[in-house]
Amino acid sequence: MFKLLKEILFPNDVKCIICDNEITEKYSICNECLNKLKLINGQRCPICLDKVKTDGYCADCLKKKPFYTKLFCVYVYDSPIKELILKFKSGKNQFLREYFARIAVDTVPKEIFEKCTLITFVPCSDEKIAIRGYDQAEAIAKAVSEKTGIPYKKTIVRLNGNKTAKLNKSKRLESVKDRYIFCENVFGETVLIIDDVCTTSATLRYCSEQLQIAGAKEVFCFTVARTDKH
């Protein structure tokens, strides 16, 4: 009853969450905006979804497979999903967590959710949390936990360090070392790590490694979007 009352009093599906068009479709996005969303397609590494020129793994996954089994993602980090994610990061659009959680539930295969025993997230810096009032990845992770019934727990903490968003893949991988560390024992757990955007997968690689050190049986990843920049 509470959920029904909430939907009646605070309807999020009245207008398109991207353009404010009153006609909405999937994820409360109008057809026009849905058609503008760029999907992850073409030849992709089956593990990290990076673009490849031939079928098979990307050079990085061939050289050293990540500690996570697979990344699940549906959109390329470009307009208009990029603007939607930036809105979520502005600190004024917390309701967007519900839409991103819906995308996660639809994107991650049912059999993977059935395997997962724990949901966690890639933490952002304390500075960013102080500015926006919440951690966007944590908000999505909690919403996915609510929708799937899979327990949620913070398992990784972020240490101080320089910004990495504009670094290339090799420099970013080096930069994230010692940036994250596990804070909970996850022995025997199959974990789903959630983040908003995958840039080079360096952060997911290192966080999944930390979870393996903490005893995780297997690690999967989900991000709302993934950049195609190399």
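Calculation rules
Residues numbered from 1 in each chain as written. Predicted model: local features only at pLDDT ≥ 70, side-chain atom pairs only at ≥ 80, totals over all residues. Heavy atoms only, no water. Helix = DSSP H or I, 4+ residues; strand = E, 2+ residues; numbered from the N terminus. Buried < 20%, exposed > 50% of the residue type's maximum accessible area, 1.4 Å probe, protein only. Contact = heavy atoms within 4.5 Å. Areas by Shrake-Rupley, 256 points an atom, 1.4 Å probe, with all protein chains shown as cover. Phe/Tyr/Trp six-rings, centres within 6.5 Å; stacked < 30°, edge-to-face > 60°. Pairing = 2+ DSSP bridges. Right-handed = clockwise from strand over helix to strand, strands pointing away. Patch = residues over 30% accessible without salt bridge, like charges linked within 9 Å, V, L, I, M, F, W, Y side chains within 5 Å. Salt bridge = Lys/Arg side-chain N within 4 Å of Asp/Glu carboxyl O.

Caption draft 1: Expanded view of the overall build of the protein. A count of helices and strands for the protein gives ten helices and seven strands. Taken across its 230 residues, the protein has 46% of its residues classed as buried. A sequence separation of at least 24 residues applies to 71% of the contacts in the protein between residues at least 6 apart. In the structure as shown, the protein presents an accessible area of about 12,400 Å², 52% of it carried by carbon and sulfur atoms.

Caption draft 2: Representation of the packing of aromatic side chains in the model. Taken as a whole, this structure holds five aromatic pairs when the rule is applied. Centroid distance Phe 88 to Phe 100: 5.4 Å. Interplanar angle 65°. Geometry classified as edge-to-face. Pair noted here: Phe 88 is in helix 4 (residues 81-89) and Phe 100 is in helix 5 (residues 96-107), with a separation of twelve residues, a long-range link. When its relative accessible area of 1% is taken as the criterion, Phe 100 is described as buried.

Caption draft 3: Broad picture of the pairing of strand 7 (residues 218-226). Burial runs high along strand 7: nine of the nine residues are buried. Note that strand 2 (residues 75-76) and strand 7 share two bridges and pair parallel. The partner of Tyr 75 across the bridge, within strand 7, is Ala 225. Two strands pair when backbone bridges link them, and strand 6 (residues 190-198) and strand 7 are joined in this way by eight bridges, in the parallel orientation. Of the residues in strand 7, the one forming a bridge with Thr 190 is Glu 218. The parallel pair strand 6 and strand 7, bridged by helix 10 (residues 202-213), forms a crossover whose chirality is right-handed.

Caption draft 4: Structural context of a nonpolar patch on the surface. The grouping of Leu 159, Ile 181, Phe 182 and Ile 213 at the surface amounts to a nonpolar patch, some 330 Å² of accessible area in total. For Leu 159, the position within the fold is in the loop between strand 4 (156-158) and helix 9 (169-176). What makes Leu 159 partly exposed here is its relative accessible area of 38%.

Caption draft 5: Fine view of the pattern of salt bridges. Enumeration over the complete set of coordinates arrives at ten salt bridges. Taking the shortest distance from any N to any O, the salt bridge between Arg 97 and Glu 146 comes out at 3.0 Å. Remark: Glu 146 occurs in helix 8 (residues 136-148) and Arg 97 occurs in helix 5; sequence separation between them is 49 residues. Among the residues examined, Arg 97 registers a relative accessible area of 19% and is labelled buried. Given a relative accessible area of 56%, Glu 146 falls into the exposed group. Sharing partners across several salt bridges, the network here consists of Arg 97, Glu 98, Glu 146 and Lys 147.

Everything listed here is a matter of coordinates, which is why it stays silent on function.
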